[in-house]
Amino acid sequence: MKVAIDQEQCIGCGSCNCVCAEVFGEDEADGTGYIVKAFQIDGDPAVGQVPDELAECVQTAAGVCVVEAIHIE
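Since this is a predicted model, take the numbers as computed values, not measurements.

Caption draft 1: Molecular detail of the overall build of the protein chain. Tallying secondary structure elements over the protein chain gives two helices and six strands in all. The order of helices and strands in the protein chain, counted from the N terminus, is β-α-β-β-β-β-α-β. Computed over C-alpha atoms, the radius of gyration of the protein chain comes to 10 Å, within 12% of the 11 Å expected from 2.2 N^0.38 for 73 residues, which places it in the range of a compact globule. For the protein chain, the spread of C-alpha atoms along the principal axes amounts to about 30 × 25 × 20 Å. The buried share of the protein chain, reckoned over its 73 residues, is 42%. Contacts in the protein chain between residues at least 24 apart in sequence constitute 58% of all its contacts with a sequence separation of at least 6. Carbon and sulfur atoms make up 47% of the accessible area of the protein chain, which totals about 4200 Å².

Below you can see the structure in the form of structure tokens.
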């Protein structure tokens, strides 16, 4: 499953990290969400490839994102 965070849209509320810390982190400097290094594609913190066993976790995070900044493909 491919997942992306629109970091310009992200307001840094931390919801994604709270419900799915296995996949999402929160930047200490500005609070924006990112995809943890283990799942990043080409080192891009906004795009990742997540294993199927974490699909439910990612979908929950996308559902709680108040600005709908998480996109699943």
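Now that the structure has been shown, we can carry on.
Caption draft 2: Broad picture of the state of the cysteines. As enumerated under the stated definition, the model contains one disulfide in all. With its sulfur 1.9 Å from that of its partner, cysteine 20 forms a disulfide with cysteine 57. Note on the cysteine 20 and cysteine 57 pair: the S-S dihedral is about 130°, so by sign convention the disulfide is right-handed. Note that cysteine 20 is positioned in the loop between α1 (15-19) and β2 (24-26) and cysteine 57 in helix α2 (residues 55-64), a separation of 37 residues in sequence. Just so you know, cysteine 10 is unpaired, no disulfide at all, and the nearest cysteine sulfur is the one on cysteine 16, 6.2 Å from it. Of all cysteine sulfurs, the one in cysteine 13 lies closest to cysteine 18, which takes part in no disulfide; the gap is 8.0 Å. Classification of cysteine 18 by relative accessible area gives exposed; the value is 68%.

Caption draft 3: Inspection of the sheet that holds strand β5 (residues 44-49) at higher detail. Pairing in this open sheet of four strands is antiparallel, and the strands run β4-β5-β1-β6 from one edge to the other. Strand pairing shows two members of the sheet lacking a second neighbour, β4 (40-41) and β6 (70-72), which therefore form its edges. In this sheet, β5 lies alongside β4 in antiparallel orientation, the contact comprising two bridges. In the strand pairing of β5, isoleucine 41 is matched with aspartate 44. Helix-sheet contacts for α2 involve β1 (2-5) and β6, and the interaxial angle to β6 is about 140°.

Caption draft 4: Broad picture of a negative patch on the surface. On the surface, Glu26, Asp27, Glu28 and Asp30 cluster together into a negatively charged patch. Note that aspartate 30 resides in the loop between β2 and β3 (33-35).

Caption draft 5: Main features of the nonpolar core. Judged by nonpolar contacts, the single largest core of 21 residues is most densely connected at Val23, Phe24, Val58 and Ile70. Looking at this core, the elements with two or more residues in it are β1 and α2. If you tally residues by element for this core, the top one is α2, at five residues. Here valine 58 is in contact with Met1, Val3, Cys20, Val23, Phe24, Val50 and Ile72, once residues within four sequence places are set aside.

What counts and how
- Residues numbered from 1 in each chain as written.
- Predicted model: local features only at pLDDT ≥ 70, side-chain atom pairs only at ≥ 80, totals over all residues.
- Heavy atoms only, no water.
- Helix = DSSP H or I, 4+ residues; strand = E, 2+ residues; numbered from the N terminus.
- Rg over C-alpha atoms; globule rule 2.2 N^0.38 Å.
- Buried < 20%, exposed > 50% of the residue type's maximum accessible area, 1.4 Å probe, protein only.
- Contact = heavy atoms within 4.5 Å.
- Areas by Shrake-Rupley, 256 points an atom, 1.4 Å probe, with all protein chains shown as cover.
- Disulfide = S-S within 2.5 Å.
- Pairing = 2+ DSSP bridges.
- Axes fitted to C-alpha atoms, helices over the stretch in contact; angles between N-to-C directions.
- Patch = residues over 30% accessible without salt bridge, like charges linked within 9 Å, V, L, I, M, F, W, Y side chains within 5 Å.
- Salt bridge = Lys/Arg side-chain N within 4 Å of Asp/Glu carboxyl O.
- Lys, Arg positive; Asp, Glu negative; His and termini not counted.
- Charge placed at Lys NZ, Arg CZ, Asp CG, Glu CD.
- Core = buried A, V, L, I, M, F, W, Y, C linked by side-chain atoms within 4.5 Å.

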